[in-house]
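The residues making up each chain are set out below.
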Amino acid sequence: MELKWLLYVTLLALGTLAVQAHDVDDDNDGDDVVDIEDDLDDGIEEAEESKPETSTPPPTPKVTYKPPVPTGEVYFAESFDKGTLDGWILSRAKKDDTDDEIAKYDGKWEVQDMKDTKLPGDKGLVLVTRAKHHAISSKLAKPFVFDTKPLIIQYEVNFQNGIECGGAYVKLLSKTPELNLVSNAATLMMLYDACFVSYVMATSTFFLPVLNPDNSFEILVDQTVVNSGNLLNDMSPPVNPPREIEDPNDQKPEDWDERPKIPDPDAVKPDDWDEDAPAKIADENAVKPEGWLDDEPEYVADPDAEKPEDWDEDMDGEWEAPQIANPKCEAAPGCGTWQRPMIDNPNYKGKWKPPMIDNVNYQGIWKPRKIPNPDFFEDLEPFKMTPFSAVGLELWSMTSDIFFDNFIICTERAVADDWASDGWGLKKAADGAAEPGVVGQMMAAAEERPWLWVVYILTVALPVFLVVLFCCSGKKQPSAAEYKKTDAPQPDVMDEEKEEEKDKGDKEEEEEEEANEEKLGSDAEIGNASQEEEEEEEVEEDRKPASEEEETVNRSPRNRKPRKD
């Protein structure tokens, strides 16, 4: 019992201290809360004395950056950790049919560290300017030929300032004798595009398009497949054009009837159809509510309104007080001229129209005829495209500081996975190591708001208090010493007495059952005897009326013998 009361008092004190601390934190902007905060600090100091000395979380493991190194044959690998644009060519081309001011590819590229990086030393290619055309490219170590090995392209993008409208296009530049990286043509574009989206990626987004020789493809984002299919069946528009196309010169005949239904030409409007009947009519059964103020307007001029001092009647016109709701109408059902409410007109039918019937001349929806496609071709191996020998970026974006990193082009998935683990995976690990755990977050929050220590202690003390309360609140068994102080029997003696009472009760029940059986037997004999007596009495009663009748007959005057004198 003493322990229970001690827990009650402790819990009440901690709860009171937590409430006071929370109130102080809510009102800590005023100068008049200094004394309360001093009292709170005293409570906090006591709570801090009770907590372990090692309250700070252990230091997070430090992730050291190391440039990724290809683990197999690659056609292209670039991590930009040299800190320069060596090997990259800026495009000087101009876009056709565009104003000269925006037609030039004069956007700025630089190699920089990523903003807010948790991995110092990791550099990347950054699109620095906004609202400009940007183009940059670099040659492969050797041309990629589409034959029996898959094409794997992998790179990272980080929209450091979010993205409003722009993209992250990667172009593969065709291998041609006249290939000029300043002005080039692309074989294939691998892209990420977004417009009218605004977000910031906490870590670099990892893109991995894969093309296989069997024409299948996969697109992975952050190592998750977001699209897959087959180049022959799942592309829109399709890789192969259709065999037939609609004849662009075909025209629909003037008498072609596309109407599946037409108005019945034989239908006639009924004579009683009134097209002029209104849809709503006044309710003739309505009655004006009592107390309706017909002479009071719904709105009146505000009597408290005053004309502004700067009101110029020559410029602003004659001043009028603003209208407000008539105060006299608040207690009345209404003011002004009362009008009957409108209800639906049961006789309203609207404008008559003939019913629709099937069109016997219906010819269906007209389509131009099909003709052979003059540009038709069939490529059953779309994977085998023109070889490419360079990779490039061509972007126009309203967002600056787009960060590109860790490009690789290869044919083995294991090589790409190793490259991703050493680059993108290292960034993920660094971000995870920099984020504090749950305990660390709680410690940091308590450092900013010391009263949280009381909440933590209260949170731990409450379940402990409940466990102790339930465990200690059971009925206490008396000790052997207490039995000696009184004449109360001990548990063993009480058990023996209970067994004796039970045996005695069972014996008494058996005796009662035997007595009942004997009683039932005697009752049965008595019943049989009484039944025999009743039968004898019935026989005697049957005989008694007969003798009485005979005696009556004998006493009758007719039956008397004449008396002799």
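Preceding this paragraph is the structure being described.
Thresholds, definitions, all that
Residues numbered from 1 in each chain as written. Predicted model: local features only at pLDDT ≥ 70, side-chain atom pairs only at ≥ 80, totals over all residues. Heavy atoms only, no water. Core = buried A, V, L, I, M, F, W, Y, C linked by side-chain atoms within 4.5 Å. Buried < 20%, exposed > 50% of the residue type's maximum accessible area, 1.4 Å probe, protein only. Helix = DSSP H or I, 4+ residues; strand = E, 2+ residues; numbered from the N terminus. Contact = heavy atoms within 4.5 Å. Salt bridge = Lys/Arg side-chain N within 4 Å of Asp/Glu carboxyl O. Patch = residues over 30% accessible without salt bridge, like charges linked within 9 Å, V, L, I, M, F, W, Y side chains within 5 Å. Areas by Shrake-Rupley, 256 points an atom, 1.4 Å probe, with all protein chains shown as cover. Lys, Arg positive; Asp, Glu negative; His and termini not counted. Charge placed at Lys NZ, Arg CZ, Asp CG, Glu CD. Disulfide = S-S within 2.5 Å.

**Some words on the nonpolar core**
Within the largest apolar cluster, 34 residues are counted, with the highest numbers of intra-cluster contacts made by Leu-151, Phe-404 and Ile-409. With five residues, strand β6 (residues 151–159) is the largest single contributor of residues to this core. Apart from the residues within four sequence positions on either side, Leu-151 is in contact with Phe-144, Phe-146, Leu-172, Pro-209, Val-210, Leu-211, Phe-383, Phe-388, Ile-409 and Cys-410. Formed by 13 residues, the second largest nonpolar core is a distinct cluster that contains Val-74, Cys-410, Val-415 and Ala-416.

**Observations concerning the pattern of salt bridges**
All told, the structure shown has 24 salt bridges when counted by the stated rule. For the salt bridge of Lys-82 with Glu-78, the shortest nitrogen-to-oxygen distance reads 3.5 Å. Where Arg-259 meets Asp-257, a salt bridge forms, and the shortest distance between an N and an O atom there is 3.2 Å. Overall, Arg-259 belongs to the partly exposed group, its relative accessible area being 47%. Given the relative accessible area of 12%, Asp-257 is considered buried. Among the ionic contacts, a cluster of salt bridges with common partners joins Asp-122, Glu-156, Asp-405 and Lys-427.

**A short note on a negative patch on the surface**
On the surface, Asp-506, Glu-508, Glu-509, Glu-510, Glu-511, Glu-512, Glu-513 and Glu-514 cluster together into a patch of negative charge. By the secondary structure assignment, Asp-506 is in helix α10 (residues 491–555).

**Description of unusual backbone geometry**
At the junction of Ser-236 and Pro-237, the peptide bond is cis and its omega measures out at -5° in the coordinates. Mapped onto the secondary structure, Pro-237 falls in the loop between β13 (224–230) and β14 (244–246). Of note in the backbone geometry, Ala-131 takes a positive phi value of approximately 60° without being a glycine. You can see Ala-131 is positioned in the loop between β4 (123–127) and β5 (132–144). A residue is classified by how much of its surface remains accessible, and Ala-131, at 35% relative accessible area, is partly exposed.

**Concerning the state of the cysteines**
One pass over the full model with this rule turns up one disulfide. Across a sulfur-sulfur distance of 1.8 Å, Cys-329 and Cys-335 are joined as a disulfide pair. Note on the Cys-329 and Cys-335 pair: the S-S dihedral is about -125°, so by sign convention the disulfide is left-handed. Note on Cys-329: relative accessible area 16%, which makes it buried.

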